[in-house]
Amino acid sequence: MLQEGDLIFQNLNCGPMCDAINEVTTGYKDLKFNHIGLVVFKNDEIYVLEASGAAVKSTPLDVFLSYSSQTMYLGRLKEDYLDLIPQAIQFATQQIGVPYDDEFLYDNGKYYCSELIYDAFKYAYKKPFFSLYPMTYKPLNSDEFFPIWVSYFKELGQEIPEGLPGCNPGGLSTSDRIQMLGPL
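From a predicted model like this one, the values you see are computed outputs, not experimental measurements.

Engineer: Give a detailed account of the overall build of the protein chain, specifying residues and quantitative values.
Structural biologist: Broken down by element type, the protein chain carries six helices and eight strands. Walking the protein chain from its N terminus toward its C terminus, one meets helices and strands in the order β-α-β-β-β-α-β-α-α-β-α-β-α-β. Seen through its C-alpha atoms, the protein chain measures out along the principal axes to roughly 45 × 30 × 30 Å. Taken across its 184 residues, the protein chain has 49% of its residues classed as buried. For the protein chain, long-range pairs separated by at least 24 residues make up 69% of all intrachain contacts whose partners lie at least 6 apart in sequence. Working note: accessible area of the protein chain is about 9400 Å², and carbon and sulfur atoms make up 50% of it.

Shown next, in the form of structure tokens:
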């Protein structure tokens, strides 16, 4: 049974970009996750706050679940942290309409999916709740960037932000502050 504040971890099939994300991130029990959303209740309906597409948005649960046919996993804050949920939801809700962070740069006024969750719980906890790690856009044990990232960032006119701090759904799924409840 879903509870407000639960995290839904997904593995979307978005082609080479998702494949590249999955290759360099590790999730709970070595599962691959490349998208995440925060469960909220509104008017007796369930929504998921997410950064996807053009901006942060509130998506009906059934629409969010339709993004992928792969098994999704449910994460829940451990008991000691449940009191953070209302403030995290308040923060995330206030971000609706903030542009999607297609540059994957932390703290640039935009949000990618896990960055939204990171900042929502940072706001509620009054200090970092989850961890940031150096981002990589290279296959493991390689000095060359994934070709998809080379063309992606070239099109943006931006250098690849290799090594800059960031987060990803897989990394969040391994946090010792949440309990993974298993498949949704």
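Engineer: Tell me what's going on with the sheet that holds strand S4 (residues 55-60), and back it up with residues and numbers.
Structural biologist: Reading across the sheet, the six strands line up as S4-S3-S2-S1-S5-S8 and stay open at both edges, with antiparallel pairing between neighbours. Lying at the two open borders of the sheet, with one neighbouring strand each, are S4 and strand S8 (178-183). Averaged over all neighbouring strand pairs, the angle between strand axes comes to 30°, with direction disregarded. Across three bridges, the pairing between strand S1 (residues 7-10) and strand S5 (residues 73-77) is antiparallel. Of the residues in S5, the one forming a bridge with isoleucine 8 is leucine 74. Each of strand S2 (35-42), strand S3 (45-52), S4 and S5 is contacted by helix H3 (residues 85-94), which is oriented at about 105° to S2, the strand it contacts most. Sheet strands touched by helix H4 (residues 113-125): S1, S2, S3, S4 and S5. Its angle to S2, the strand with the most contacts, is close to 55°.

Engineer: An account of the packing of helix H1 (residues 16-24) against helix H5 (residues 147-156) is needed here, citing residue identities and associated values.
Structural biologist: For the pair H1 and H5, interaxial distance at closest approach is 9 Å and the crossing angle is 120°. It follows that H1 is oblique to H5 by the angle criterion. The crossing of H1 and H5 is left-handed. Here Pro16, Met17, Ala20 and Ile21 of H1 come into contact with H5, specifically with Ile148, Trp149 and Tyr152. Among the residues making up the contact of H1 with H5, the classes are represented as seven nonpolar, no polar and no charged.

Engineer: Tell me what's going on with H5, and back it up with residues and numbers.
Structural biologist: Each turn of an α-helix holds 3.6 residues, which means side chains three or four residues apart point in the same direction. Residues of H5 that are buried: Trp149, Tyr152 and Phe153. For H5, the arc enclosing every buried residue in end-on projection is 85°, short of the 170-degree limit, so these residues lie on one face. Residues Pro147, Lys154 and Glu155 are exposed on H5 and point more than 90 degrees away from its buried face. In the core, the buried residues of H5 are packed alongside H1. After H5 finishes, the residue glycine 157 shows a positive phi value of roughly 70°.

About the criteria used
Residues numbered from 1 in each chain as written. Predicted model: local features only at pLDDT ≥ 70, side-chain atom pairs only at ≥ 80, totals over all residues. Heavy atoms only, no water. Helix = DSSP H or I, 4+ residues; strand = E, 2+ residues; numbered from the N terminus. Buried < 20%, exposed > 50% of the residue type's maximum accessible area, 1.4 Å probe, protein only. Contact = heavy atoms within 4.5 Å. Areas by Shrake-Rupley, 256 points an atom, 1.4 Å probe, with all protein chains shown as cover. Pairing = 2+ DSSP bridges. Axes fitted to C-alpha atoms, helices over the stretch in contact; angles between N-to-C directions. Parallel < 35°, antiparallel > 145°, perpendicular 65-115°, else oblique. Left-handed = near helix turned anticlockwise from the far one by under 90°. Nonpolar A, V, L, I, M, F, W, Y, C, P; charged D, E, K, R; others polar. Arc of directions from axis to C-beta.

From the geometry alone we can't say anything about function, so treat these as descriptive.
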